[in-house]
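Residue-level listing of the chains:
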Amino acid sequence: MSNLTVPRDQTNDYSREAAALRRRFIEEHTGANLEHTSKFSFDPAMLPGNIENFTGVVQLPVGFAGPVKVNGEHAQGDFFVPMATTEGTLVASYSRGMMITRAAGGITTTVVDDAMQRAPVYAFANAREARDFGLWVNENFTGIKAAAETTTRSGKLRNIQQFAASKLLYLRFNYTTGDAAGQNMCGKATYVACQWISQNYPGKVSYYFLSGNMDTDKKHSALNTLHSRGKRVVAEVTIPRQLILDRLRTSPEAMYAARRTSQLGGLMAGAVHNGVHPANGIASMFIATGQDEANVAEAHASLVHAEVTPEGDYYYSVTLPSLIVATYGGGTGLATQRECLEVMDCYGTGKAKKLAEIIAATVLCGEISLGAAVVSEEWVSSHDDLGRNRP
């Protein structure tokens, strides 16, 4: 068994025949039946660059929540939101949040920052040499930027942050990436920039690595929360008091009290953010629209702020500091993912910030709905009614 390898077709590996060959191989060696895995509607020829050893598909249910009313700079109007999930009550809960925020006039969304990173680390004989190298990097930013941008049409090197530790200097290259998520784009651009540095820096570098892990790719970090990775988006709404009393069966004061106490509980537990469940909305939309699902690790770290206004209404905002989304490239062009993006008019160029605003608005709706369900003691009953599917 240890010598077996999954078969590949060297001449036509992305084909229905090659996929069938692999399914037979897996079935023969495991005893499993891949009947449902074998059913898919798209041409495997579209998959190079998305997966290796293509064998079939895993089907997830998709439901549409909404519409959500977004008053953004890029997303304006009502949108039905695709959510791929196996968690009962999720789509219903987000739809309830969308209903209440729509009645309140909609959600205002703002993209306040946009950057993707690669962070090489340089090592020197001592700290002074590392410091001097940092000064040289600042003086030669124009040359570094020009070298990096030879590799991409849409990527632009915005700035380079520096973080010194011991005799090491970590450089955090910040790029704008257009409508692509841009991790690979930034990696290639930074590699070429580092080659330019190696050829032009007059001092001696002990060694360097293309990533010193201060980009914290697909990991949560305080640095990304403070300085952003991907789109930094704020979604905010003020819900009139009477709407909360009538439709959520609670009050602004009760919701605010729950927000205060839950933040203390999260602090005691060592939680990395103060949101309720942003990962639910983000993960389900990421899967439905062909995003890199591992980026939920960064994107879920939300910053929630709430107030009871002097008029007795409820102001609520969600900031997503590391929302990594694409509307072009990656998995966005796959058949079902493209359809889900097209429902929101978010496929193709010029749409990434629009998608970011819709996701941020959706997250806010989920936070409002679940928060109210906990306060009004409807959380358990709603899961009993909608979230039980036992074989």
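For the structure, see preceding data.
Read on for an overview of the structure. None of these values were measured; they are calculated from a predicted model.

1. Notes on the overall build of the chain
Alright, step 1. Within the chain one finds 13 helices and 10 strands.
Alright, step 2. Out of the 391 residues belonging to the chain, those deemed buried represent 48%.
Alright, step 3. Counting every atom, the chain has about 18700 Å² of accessible surface; 53% of that belongs to carbon and sulfur.

2. A closer look at helix α1 (residues 16-30)
Alright, step 1. The first and last C-alpha atoms of α1 sit 21 Å apart over 15 residues, in line with the 21 Å expected at 1.5 Å per residue.
Alright, step 2. In the stretch just after α1, Gly31 is the one whose phi turns positive, near 80°.

3. Comments concerning the packing of aromatic side chains
Alright, step 1. Going through the model one piece at a time under the given rule, you end up with 13 aromatic pairs.
Alright, step 2. Relative to Phe54, the ring of Phe42 lies with its centre 6.1 Å away and its plane at 50°, an arrangement referred to as tilted. Here Phe54 lies in the loop between α1 and β1 (62-71) and Phe42 lies in the loop between α1 and β1, a separation of 12 residues in the sequence. Summarising the burial analysis for this pair, Phe42 and Phe54 share the class buried.
Alright, step 3. Ring geometry for Tyr122 and Phe133: centres 4.7 Å apart, planes at 35°, overall tilted. Placement of the pair is Tyr122 in strand β4 (residues 121-123) and Phe133 in helix α3 (residues 127-139), with a sequence separation of 11 residues. As far as burial versus exposure is concerned, Tyr122 and Phe133 are alike and both buried.
Alright, step 4. By way of ring pairs, the aromatic residues Tyr122, Phe124, Phe133, Trp136, Trp196, Tyr201 and Tyr208 are connected into one cluster.

4. Description of helix α12 (residues 352-375)
Alright, step 1. Spanning 24 residues, α12 covers 35 Å between terminal C-alpha atoms, matching the ideal 34 Å at 1.5 Å per step.
Alright, step 2. Counting buried residues in α12 gives 21 out of 24 residues, a clear majority hidden from the surface.
Alright, step 3. Glu377 occupies a position one or two residues after α12 and carries a positive phi of about 60°.

5. Topic: the nonpolar core
Alright, step 1. Formed by 48 residues in total, the largest nonpolar core has its most connected members in Val68, Tyr316, Leu323 and Ile359.
Alright, step 2. If you tally residues by element for this core, the top one is α12, at 11 residues.
Alright, step 3. Setting aside anything within four residues of it in sequence, one finds Tyr316 in contact with Ala235, Glu236, Val237, Arg259, Val276, Val304, His305, Ala306, Leu364, Glu367 and Ile368.
Alright, step 4. Judged by nonpolar contacts, the second largest core, of 24 residues, contains Ala130, Leu169, Ile324 and Ala326.

Thresholds applied
- The numbers attached to residues start from 1 for each chain and follow its sequence in the written order.
- Given that the model is predicted, a residue must reach a pLDDT of at least 70 before its local features are reported, and side-chain atom pairs must reach 80 or more before they are shown or counted; all residues, however, enter totals for whole chains, interfaces and linings.
- Hydrogen atoms and water are omitted, and side-chain values are computed over all heavy atoms in the structure.
- By the criteria applied, helices consist of DSSP H or I runs no shorter than four residues and strands consist of E runs no shorter than two, each listed in order from the N terminus.
- Each residue's exposure class comes from its accessible area (1.4 Å probe, protein chains only) as a fraction of the maximum for that residue type: buried when under 20%, exposed when over 50%, partly exposed otherwise.
- Each accessible area value is a Shrake-Rupley result obtained with a 1.4 Å probe; residue values ignore everything except the protein chains displayed when judging cover.
- Here the expected length of a helix is defined as 1.5 Å per residue gap, with one fewer gap than residues.
- The rule is short: rings of Phe, Tyr and Trp, with Trp giving its six-membered ring, pair when the centres are within 6.5 Å, and they are stacked under 30 degrees, edge-to-face over 60, tilted in between.
- The set of buried Ala, Val, Leu, Ile, Met, Phe, Trp, Tyr and Cys residues whose side-chain atoms join them within 4.5 Å is what this entry labels a nonpolar core.
- Any pair of residues with heavy atoms lying within 4.5 Å of one another is described as a contacting pair.

Shape is all these values report; function is a separate question.
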